[in-house]
Amino acid sequence: SPPPPPRLPIILKLPKDSPVPNTPSQDAILSEIFTLLNRDANLYRYTPSYPELSSLVTSRLRRLLKSVDSPSPTLRRLAKGCIEVCEGYASYAVRARGRADVAPKDVVRLEMLKPEGAEGMGDRLRGELGRER
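Here the structure is a predicted model, which is why all the values come from computation and not from measurement. (Residues numbered from 1 in each chain as written. Predicted model: local features only at pLDDT ≥ 70, side-chain atom pairs only at ≥ 80, totals over all residues. Heavy atoms only, no water.)

(A) Structural detail: the side chain of Arg-39. Here Arg-39 shows up in helix α1 (residues 23–43). Overall, Arg-39 belongs to the buried group, its relative accessible area being 14%. In this structure, Arg-39 is in contact with Leu-125, Glu-128, Leu-129 and Glu-132, ignoring residues within four places of it in sequence. (Helix = DSSP H or I, 4+ residues; strand = E, 2+ residues; numbered from the N terminus. Buried < 20%, exposed > 50% of the residue type's maximum accessible area, 1.4 Å probe, protein only. Contact = heavy atoms within 4.5 Å.)

And the structure:
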């Protein structure tokens, strides 16, 4: 089967001679990466499997911060902020799963943990996109 089409919002074209020429370019790239990570965290925060999903993100971000000799202040700030957001949403999901009256194997709704009155996934996405413009 053919490979899936590229995800256009995250395609980045860089010059061949200098992939990331300067600090402002690096900061813009980091900012966009973490904007997308935080958007995904916000979109899937009410799914029952969120703690497992976010553990991959947080562990890789921690590993990235440890593997870079001297991470830039921007990278450190953005990564720690994303880790805090993911851990906060994960702890909410764990508490909500404990109160749920449905076994994980019986879940049929994506946002089963969404409290009454909270925005749905589509509304949260529109809000995020509106703030980014």
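(B) Expanded view of the packing of α1 against helix α3 (residues 73–99). Where α1 contacts α3, the axes come no closer than 10 Å and their chain directions differ by 0°. As summarised for this structure, α1 and α3 are arranged roughly parallel, according to the angle between their axes. Two secondary-structure elements touch here, α1 through Asp-27, Leu-30, Ser-31, Phe-34, Leu-37, Asn-38, Ala-41 and Asn-42 and α3 through Thr-74, Leu-75, Leu-78, Ala-79, Cys-82, Val-85, Cys-86 and Tyr-89. By residue class, the composition of the contact of α1 with α3 is eleven nonpolar, four polar and one charged. (Axes fitted to C-alpha atoms, helices over the stretch in contact; angles between N-to-C directions. Parallel < 35°, antiparallel > 145°, perpendicular 65-115°, else oblique. Nonpolar A, V, L, I, M, F, W, Y, C, P; charged D, E, K, R; others polar.)

(C) Spotlight on the packing of aromatic side chains. On inspection of all chains with the given rule, the structure shows two aromatic pairs. Residues Tyr-46 and Tyr-92 carry aromatic rings whose centres are separated by 5.9 Å and whose planes lie at 80° to one another, so their mutual orientation is edge-to-face. With Tyr-46 in the loop between α1 and α2 (50–67) and Tyr-92 in helix α3, this residue pair connects regions lying 46 residues apart in the sequence. Residue Tyr-46 is classed as buried on the basis of its relative accessible area, which comes to 8%. Geometrically, the ring pair formed by Tyr-50 and Tyr-89 is edge-to-face, given 6.2 Å between the ring centres and 70° between the ring planes. Taken together, the residues Tyr-50 in helix α2 and Tyr-89 in helix α3 connect sequence positions 39 residues apart. For the pair formed by Tyr-50 and Tyr-89, the shared burial category is buried. (Phe/Tyr/Trp six-rings, centres within 6.5 Å; stacked < 30°, edge-to-face > 60°.)

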